[in-house]
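As a plain string of letters, each chain reads:
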Amino acid sequence: MTNAQSQRARSRRWRAARSYLVLTVLAAAYVAPAYYLVIGSFKPAADVLSGLGGFAPQHLNLDNYRSVFDSLASDSTGYFWQFMTNSILISLAVVVVGLVVNSMAAYSFARLSWRGRDKSFLLVVALVIVPFEAVAIPLLFMLNDMRNSLLVQALPFFANAFSVYLFYTFFLGLSKDIEEAARLDGLGSFGTFVRIAVPSAKPVFATVAILTFMTTWGQYLWPSLVVSNPRYRPLPLELSVFSGQMPVDWGEVLAFGTLLILPVLIFFVAFQRFFVQSLASSAVKG
Amino acid sequence: MKHRKKAGASVVAVTTAALLLASCSSGGGGTSSAGDGTGDVEVWAHQGKDTEVAALQDAVANFNASQSDINVKLTLVPEADYTTTIQSTSADDLPDVLELDGPTLASFVYDAKVAPIDSYVSQETIDNATVGNVNQGTLDGTLYALAQFNSGLGLCANGEMLDAAGVSYPDSIDSAWSADEFLSALETLAAENDSGYALDIKENYGLGGEWGTYAFSPLLQSAGGNLIADNKASGVIDGPESVAAMEAFQSWMPYVDPDEDDAALVEGRVAISWCGHWLYPGYSEALGDDLVILPLPDMGDGTKSGAGSWTWGMGSTTKQGAAAGAFLDYLLNDENVKAMTTANGAPPATESALAADTLYSSGGPLELWGQQLGAGCNADSITDDCVTVLRPLTAGYPVITSEFASALAAIATGDDVQSALTGAATAIDQSFADNNDYE
């Protein structure tokens, strides 16, 4: 090996080492809060906020989890598993109905010809920039009679402009040849959508499902306005049982936080393969 | 960070707007009726400490077991969301009996969400309530709420550390530290302590929240100022007396421990803690006989302190007034008041329970707070003798507390006192002008 080759090899190794260092620091920055959340959930409150000592895995026990379950275990407070079930039902309803409604709307915008289609699509796209907070008040009045139900927590979120946009961009990129062949074989618009477009769109369905589930799971403002009965409260509202009192028991807050993110984590892991596929295909498309 | 603040602010703004509009839409009011004194009674309360929850659940279970005519159904809502939940619920959907945070009562009367209770609760119960309790629940001469307990506020200090530093301290309401004496004590104590701190003002509770108003607006009143007078904040909250009080407060900040772990006093990082009654059990256990209870500093017009807490009212559209009244009579009897105040350490808000209390009555370790509560008054009628001042009984209180607490938080971080208070005064006056003085 010549001197020049040896220098180039050293330089490559050095560059690789620097890259790994930067990536390691970035990865640590992302992982550290999650680690702190989980490890803190097993520690006494006094040990949680002890500077860098908060990261040390010491004095671990299940007391915080016991406290969380004990605090939410009566008819008057409601039950932890009841809140969890409510959140799962609401989130799944929004995901399932949302996938059906938004994908069909997007297919209509992308593939069907009807008067006012483009203007309607522009209107839908414009809705992406309207924050939920801006429509919360009118919604509160429109749906006030449905207070204290699971439906009122899901209904405003079925139709989602951003989901429509994601589906729309995907359907636009689908080859028209297969769809035309299907039509020649006698399939109508709905049949083509169900048998041709949907099976091809698994990655975007997964992406929309994950994004919708995560957003719905974390809803706080809307349920806090429309739900008072413990029977219908979703899990995130109960966080304030532990964080809303002074002094805050940070161990309990972190235990509740850990329990709160578990279903999201499971959902993400279940669909991540499609999610990554979707991201990769988007990246390729540029 | 800025983005987050904006997002947080927008959520708060929307919630507030929604609640205001929901309040306006509630309408109604004054449609309560006694019923036949039997049947289901729906009750809402805040989900506070586990011990408080247990005391209330026991009271409900015992009441239901004690008779067969009335069945109380209790619903607990997390404390942080409780007031919002009532605000966003229309009057027709509110329960027969509901717990209310004392300072918010006037706004619920304004929204026609609560009913007068004097025709449903027994006269014996009303007569047994402390004066401060009745004052907190009375608006324009009508009784809307009665509480099981009140609150105590003062300074909790480590007497051994004060003695070691050679700092003499007050032993009665009349001998409260002056503002200068308090500052001098802080300087001495901070110099003696390795932490460099002397005072804990419970910054970890958030000065920008209700704690800020409850704990520090008495300083304004002690200096001769106030939050509001005759529905006007300008010239009052930002008047020279109030400004002087807040300048003194700002001068203490270099000696304040941020107290992120809520343990500054028990760990000896400070010698003095701005202290509510709920802290007493923990402090007492940690410091034992070294714990001393002191009045808040006297800013010129005598020491003043905060008062008021959760109280019980009735929904304005209840059709179960008689049954609800019977439940409130039961809730406010000695047994249940004692159970609740044992659970949360608060001073009882009934005369008989207060007289029997071993903490707050004469000779008890919290006698000073008991004496303070015995000298209470409303914010619009403060006298020299008055010590505990209720927060203003006006439907505009939410804006008053929000603006004052925000100004306080800004002052604590070094903002100009006059500008911060004038900003608060302008916002409060604007809100009152926009809402016809909340009359």
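Residues numbered from 1 in each chain as written. Chains lettered and ligands numbered in written order. Predicted model: local features only at pLDDT ≥ 70, side-chain atom pairs only at ≥ 80, totals over all residues. Heavy atoms only, no water.

## A few points about the overall build of chain A
Next, step 1: Scanning chain A from N- to C-terminus turns up 14 helices and 2 strands.
Next, step 2: Taken over the C-alpha trace, chain A has a radius of gyration of 25 Å; the compact-globule value for 286 residues is 19 Å, which it surpasses by more than 25%.
Next, step 3: The dimensions of chain A, computed from C-alpha atoms along their principal axes, are 80 × 70 × 30 Å.
Next, step 4: Considering chain A as a whole, with its 286 residues, one finds that 41% of them fall into the buried category.
Next, step 5: At a minimum sequence separation of 6, the contacts of chain A that also span at least 24 residues come to 70%.
Next, step 6: Carbon together with sulfur atoms contributes 67% to the accessible area of chain A, which is approximately 15,700 Å² in total.
Next, step 7: Put simply, chain A has 21 plus and 14 minus side-chain charges, and the middle of one group is 17 Å from the middle of the other. (Helix = DSSP H or I, 4+ residues; strand = E, 2+ residues; numbered from the N terminus. Rg over C-alpha atoms; globule rule 2.2 N^0.38 Å. Buried < 20%, exposed > 50% of the residue type's maximum accessible area, 1.4 Å probe, protein only. Contact = heavy atoms within 4.5 Å. Areas by Shrake-Rupley, 256 points an atom, 1.4 Å probe, with all protein chains shown as cover. Lys, Arg positive; Asp, Glu negative; His and termini not counted. Charge placed at Lys NZ, Arg CZ, Asp CG, Glu CD.)

## Quick look at the packing of helix α4 (residues 80-111) of chain A against helix α10 (residues 189-200) of chain A
All names here are of chain A.
Next, step 1: For the pair α4 and α10, interaxial distance at closest approach is 11 Å and the crossing angle is 115°. The orientation of α4 with respect to α10, classified from their angle, is roughly perpendicular. Along this stretch, α4 crosses α10, giving a crossing that reads as right-handed. Residues Ser103, Met104 and Tyr107 of α4 form the contact with α10, whose participating residues are Ser189, Phe190, Thr192, Phe193 and Ala197.
Next, step 2: Of the residues assigned to the contact of α4 with α10, the class counts are 5 nonpolar, 3 polar and no charged. (Axes fitted to C-alpha atoms, helices over the stretch in contact; angles between N-to-C directions. Parallel < 35°, antiparallel > 145°, perpendicular 65-115°, else oblique. Left-handed = near helix turned anticlockwise from the far one by under 90°. Nonpolar A, V, L, I, M, F, W, Y, C, P; charged D, E, K, R; others polar.)

## Describing the packing of helix α5 (residues 117-127) of chain A against helix α8 (residues 161-173) of chain A
All names here are of chain A.
Next, step 1: Contact pair α5 / α8: the axes reach a minimum separation of 7 Å and the direction vectors enclose 125°. Accordingly, the angle class assigned to the pair α5 and α8 is oblique. For the pair α5 and α8, the crossing hand works out as left-handed. Where α5 approaches α8, its residues Phe121, Val124, Val125 and Leu127 are matched on the opposing element by Ala161, Val164, Tyr165 and Tyr168.
Next, step 2: Here the residues of the contact of α5 with α8 are counted per class, giving 8 nonpolar, no polar and no charged.

## What to know about the domain arrangement of chain A
Residues and elements named next belong to chain A.
Next, step 1: Structurally, chain A comprises domain 1 (3-55) and domain 2 (75-285).
Next, step 2: Once you take the C-alpha centre of each, domain 1 and domain 2 turn out to be 33 Å apart.
Next, step 3: The interface is formed by 9 residues belonging to domain 1 together with 8 residues belonging to domain 2.
Next, step 4: Its largest share of buried area at the contact with domain 2, domain 1 owes to Leu37, Ser41 and Ala45, together 62% of the area lost on that side.
Next, step 5: At the boundary of domain 1 and domain 2, one finds 0 salt bridges.
Next, step 6: At the junction of domain 1 with domain 2, the criterion picks out 0 residue pairs in polar contact (both at pLDDT 80 or more).
Next, step 7: Among the secondary structure elements, those contributing two or more residues to the side of domain 1 that touches domain 2 are α1 (3-40) and α2 (45-48).
Next, step 8: Tallied by class, the residues present in the side of domain 1 that touches domain 2 amount to 6 nonpolar, 2 polar and 1 charged. (Domains from an automatic or database assignment. Buried area = accessible area lost by both parts, 1.4 Å probe. Salt bridge = Lys/Arg side-chain N within 4 Å of Asp/Glu carboxyl O. Polar contact = N/O pair within 3.5 Å; in protein donor to acceptor, adjacent residues only side chain to side chain.)

## A word on the state of the cysteines
Residue and element names in this part refer to chain B.
Next, step 1: Under the defined criterion, the tally for this structure stands at 2 disulfides over all chains.
Next, step 2: At a sulfur-sulfur separation of 2.0 Å, the disulfide partner of Cys156 is Cys275. Linking Cys156 and Cys275, the disulfide has an S-S dihedral of approximately -50° and is accordingly described as left-handed. Residue Cys156 is found in strand β7 (residues 153-158), and its partner Cys275 is found in strand β9 (residues 272-276); the two are separated by 119 residues along the sequence. You'll find Cys156 and Cys275 in the same group, each marked buried.
Next, step 3: One disulfide bridge connects Cys377 with Cys386, the sulfur atoms lying 2.0 Å from each other. What sets the handedness of the Cys377 and Cys386 disulfide is the S-S torsion sign, and at about -75° it is left-handed. Cys386 shares its class with Cys377; the two are buried.
Next, step 4: Of note for chain B: the bonded cysteines, numbered N- to C-terminal, pair according to 1-2, 3-4. (Disulfide = S-S within 2.5 Å.)

## A look at a negative patch on the surface
Residue and element names in this part refer to chain B.
Next, step 1: A cluster of acidic residues, Glu241, Asp301, Asp384 and Asp385, forms a negative patch at the surface.
Next, step 2: Take Asp301: it is sitting in the loop between β10 (291-294) and β11 (305-306).
Next, step 3: Under the relative-accessibility criterion, Asp301 is labelled partly exposed at 39%. (Patch = residues over 30% accessible without salt bridge, like charges linked within 9 Å, V, L, I, M, F, W, Y side chains within 5 Å.)

## Thoughts on the environment of B:Ala409
Next, step 1: As for its placement among the helices and strands, B:Ala409 is situated in helix α16 (residues 397-412).
Next, step 2: C-alpha of B:Ala409 to C-alpha of B:Ala307: the two residues are 102 residues apart in sequence and 21 Å apart in space.

## As for unusual backbone geometry
Next, step 1: At A:Asn148, a position not held by glycine, the phi torsion is positive, near 55°.
Next, step 2: Topologically, A:Asn148 is positioned in the loop between α6 (132-142) and α7 (151-154).
Next, step 3: Classification of A:Asn148 by relative accessible area gives partly exposed; the value is 22%.
Next, step 4: Its identity is not glycine, yet B:Asp437 carries a phi of approximately 60°, on the positive side.

## Observations regarding the interface of chain A and chain B
Next, step 1: Listed as interface residues are 29 residues of chain A and, on the opposing side, 34 residues of chain B.
Next, step 2: Each partner contributes to the roughly 2,500 Å² buried at the junction of chain A and chain B, and carbon and sulfur atoms together form 59% of this total.
Next, step 3: Inspection of the chain A/chain B interface yields 0 salt bridges.
Next, step 4: Put simply, chain A and chain B have 11 residue pairs in polar contact (both at pLDDT 80 or more) between them.
Next, step 5: At the level of secondary structure, the elements contributing two or more residues to the side of chain A that touches chain B comprise α6, α12 (221-226) and α13 (239-243) of chain A.
Next, step 6: With 5 residues, α6(A) is the single largest residue contributor to the side of chain A that touches chain B.

## As for empty space enclosed by the protein
Next, step 1: Counting across every chain of the model gives 5 cavities of 30 Å³ or more.
Next, step 2: As a volume, the largest cavity reaches approximately 90 Å³.
Next, step 3: In terms of lining residues, the largest cavity is bounded by A:Ser87, A:Ile90, A:Ser91, A:Gln153, A:Phe157, A:Thr216, A:Trp217, A:Gln219, A:Trp222, A:Pro223 and A:Pro234.
Next, step 4: Within the residue set of the lining of the largest cavity, elements represented by two or more residues are α4, α11 (202-217) and α12 of chain A.
Next, step 5: No other element matches α4(A), which puts 3 residues into the lining of the largest cavity.
Next, step 6: Here the lining of the largest cavity is built from residues that sort into 6 nonpolar, 5 polar and no charged.
Next, step 7: The computed volume of the second largest cavity comes to approximately 50 Å³.
Next, step 8: Lining the second largest cavity, in full, are B:His46, B:Gly48, B:Glu52, B:Val53, B:Leu56, B:Glu99, B:Phe149 and B:Met340. (1 Å grid on protein atoms, 1.4 Å probe; cavity = no way out; pocket = protein on both sides within 12 Å on 5 of 7 lines; lining within 4 Å. Points joined across faces, edges and corners; volume = space filled by probe spheres on them.)

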